[in-house]
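Below, each chain spelled out in residue letters.
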Amino acid sequence: AQSVAQPEDQVNVAEGNPLTVKCTYSVSGNPYLFWYVQYPNRGLQFLLKYITGDNLVKGSYGFEAEFNKSQTSFHLKKPSALVSDSALYFCAVRDEDNFNKFYFGSGTKLNVKP
Amino acid sequence: GAGVSQSPSNKVTEKGKDVELRCDPISGHTALYWYRQSLGQGLEFLIYFQGNSAPDKSGLPSDRFSAERTGGSVSTLTIQRTQQEDSAVYLCASSLVPGTSYEQYFGPGTRLTVT
């Protein structure tokens, strides 16, 4: 069965430092992977996706993610964190058999401190 | 333009009562999803609508849950005989192109509390 895992409930980073939010996936074929961000009291917003092509995917707000097939990972990264990046981040993968379904991770809370 | 809207934003109900949650997708989006977000959990897929096709109900947790989508636009999620474990944030999302590679646009959610 397909799934994603976000091993960290919370990530703390100082403003200006690089950040990484981890995600690993489990699919038997080629994955369709997504990152979403949820700001307080707001709906989830799409950040970026990996379908095929370059392993480094660039998205909104300066975020990028690296697809690593050998490690089955899709970590979200940003070179220099902002306090405004503090939010809940979700990784997701599309179901291989039922294209209508997406499996989301449990979320990682990112705290960026001034 | 207008995003996905949901109403009510908060709903408190007594155990055993029925509730209806509403979702207005982005105009022109043919795909609509309902998810449930419980505290400390990821999003749980509930149901998917695409155009006039039969909905994908494979994620509904019990027969107390149902949803409909009228005229290919507004959707209502109904929970009958609510239980305390139904307490969660219910999220609706719409997508321009169905399924696969296209991102979903989420509403702000309805926080349901069953007392």
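Enquirer: For the pattern of salt bridges, give the residues involved together with the corresponding values.
Expert: A complete count under the given rule lists seven salt bridges over all chains for this structure. Here Glu-103 of chain B ties to Lys-49 of chain A by a salt bridge, and the two come within 3.4 Å at their closest N and O atoms. Of this pair, Glu-103 of chain B sits in the loop between strand S8 (88–95) and strand S9 (105–106) while Lys-49 of chain A sits in strand S6 (residues 44–50), on two different chains. For Glu-103 of chain B, a relative accessible area of 18% gives the class buried. The shortest N-O distance in the salt bridge between Asp-85 of chain A and Lys-78 of chain A comes to 2.9 Å. In terms of burial, Asp-85 of chain A and Lys-78 of chain A fall into one category: buried.

Enquirer: How would you explain the packing of aromatic side chains if you had to name every residue and give the values?
Expert: Residues and elements named next belong to chain A. Enumeration according to the criterion identifies 15 aromatic pairs over all chains in this entry. Centre to centre, the rings of Tyr-50 and Phe-67 are 4.1 Å apart; their planes meet at 15°, and the pair counts as stacked. Of this pair, Tyr-50 sits in strand S6 while Phe-67 sits in strand S8 (residues 64–68); the two residues are 17 residues apart in sequence, bridging distant segments of the chain. The buried category is assigned to Tyr-50, whose relative accessible area is 8%.

Enquirer: Summarise the interface of chain A and chain B; cite the residues concerned and give the values.
Expert: Interfaces are often sized by the amount of accessible area the parts lose when they come together. Counting residues at the interface gives 21 residues for chain A and 21 residues for chain B. For the chain A and chain B pair, buried surface summed over both sides reaches about 1700 Å², with 57% attributable to carbon and sulfur atoms. Among the residues of chain A in contact with chain B, Asn-100, Phe-102 and Phe-104 of chain A are the three that bury the most area, contributing 31% of the side total. On the surface where chain A and chain B come into contact, there are one salt bridge.

Enquirer: Before we move on, could you go through the sheet that holds strand S7 (residues 75–79) of chain B and cite the residues and values that matter?
Expert: Residue and element names in this part refer to chain B. Taken in spatial order, the four strands line up as S1-S3-S7-S6 in an open sheet, and their pairing is antiparallel. A strand with exactly one partner marks an edge of an open sheet, and here the two such strands are strand S1 (5–7) and strand S6 (65–69). Ignoring which end each strand starts from, the neighbouring axes of this sheet average 15° apart. Inspection of the sheet shows S6 paired to S7 by five bridges, in the antiparallel sense. In the strand pairing of S7, Ser-66 is matched with Thr-78.

Enquirer: Quick rundown of the nonpolar core? Include the residues and the values.
Expert: In terms of nonpolar packing, the biggest core is built from 28 residues, with Leu-33, Trp-35, Leu-47, Leu-48, Phe-74, Leu-76 and Tyr-89 of chain A touching the most fellow members. When residues of this core are traced back to their parent elements, those giving at least two are strand S2 (10–14), strand S3 (19–21), strand S5 (33–38), S6, S8, strand S9 (73–78), strand S10 (87–94) and strand S12 (108–113) of chain A. Here Leu-48 of chain A is in contact with Leu-33, Phe-34, Trp-35, Val-57, Lys-58, Gly-59, Phe-63, Glu-64, Ala-65, Phe-74 and Leu-76 of chain A, once residues within four sequence places are set aside. Listed in part, the 20 residues of the second largest apolar core include Leu-32, Ile-47, Ala-67 and Leu-112 of chain B.

Enquirer: Tell me about the pairing of strand S3 (residues 19–24) of chain B, residues and numbers included.
Expert: Residues and elements named next belong to chain B. Residues of S3 alternate between two faces, with Val-19, Leu-21 and Cys-23 buried on one and Glu-20, Arg-22 and Asp-24 left unburied on the opposite face. As paired strands, S1 and S3 are joined by three bridges and run antiparallel to one another. The residue bridging Ser-7 from the neighbouring strand is Arg-22, located in S3. As paired elements, S3 and S7 share five bridges and run antiparallel to each other. For Cys-23, the partnering residue across the bridge sits in S7 and is Ser-75.

Calculation criteria
For every chain, the first residue of the written sequence is number 1, and numbering continues from 1 onward in sequence order. Here the convention is simple: chains get letters from A, ligands get numbers from 1, in the order in which they are written. Thresholds applied to this predicted model are a pLDDT of at least 70 for local features of residues and 80 or more for the giving and counting of side-chain atom pairs; totals over whole chains, interfaces and linings are not thresholded and use all residues. For the side-chain quantities, the full set of heavy atoms in the structure was used; hydrogens and water were omitted. One side-chain nitrogen of Lys or Arg within 4 Å of one carboxyl oxygen of Asp or Glu is enough to make a salt bridge. Under the scheme used here, helices are H or I runs from DSSP no shorter than 4 residues and strands are E runs no shorter than 2 residues, and both carry numbers assigned from the N terminus. The buried label goes to any residue with under 20% of its type's maximum accessible area, the exposed label to any with over 50%, and the partly exposed label to all in between, with areas taken from a 1.4 Å probe on protein chains only. Ring pairs are drawn from Phe, Tyr and Trp, using the six-membered ring of Trp, whenever the two centres fall within 6.5 Å, and their geometry is named by plane angle: stacked under 30 degrees, edge-to-face over 60, tilted for the rest. In this description, contact between two residues means that some pair of their heavy atoms is separated by no more than 4.5 Å. A quick way to say it: buried area is the sum, across both parts, of accessible area lost when two parts are put together, with a 1.4 Å probe. A pair of strands is treated as paired once DSSP finds two or more bridges between them. Comment: axis = line fitted to C-alpha atoms, over the contacting stretch for helices; angle = value between 0 and 180 degrees taken between N-to-C directions. In plain words, nonpolar cores are sets of buried Ala, Val, Leu, Ile, Met, Phe, Trp, Tyr and Cys residues tied together by side-chain atoms within 4.5 Å.

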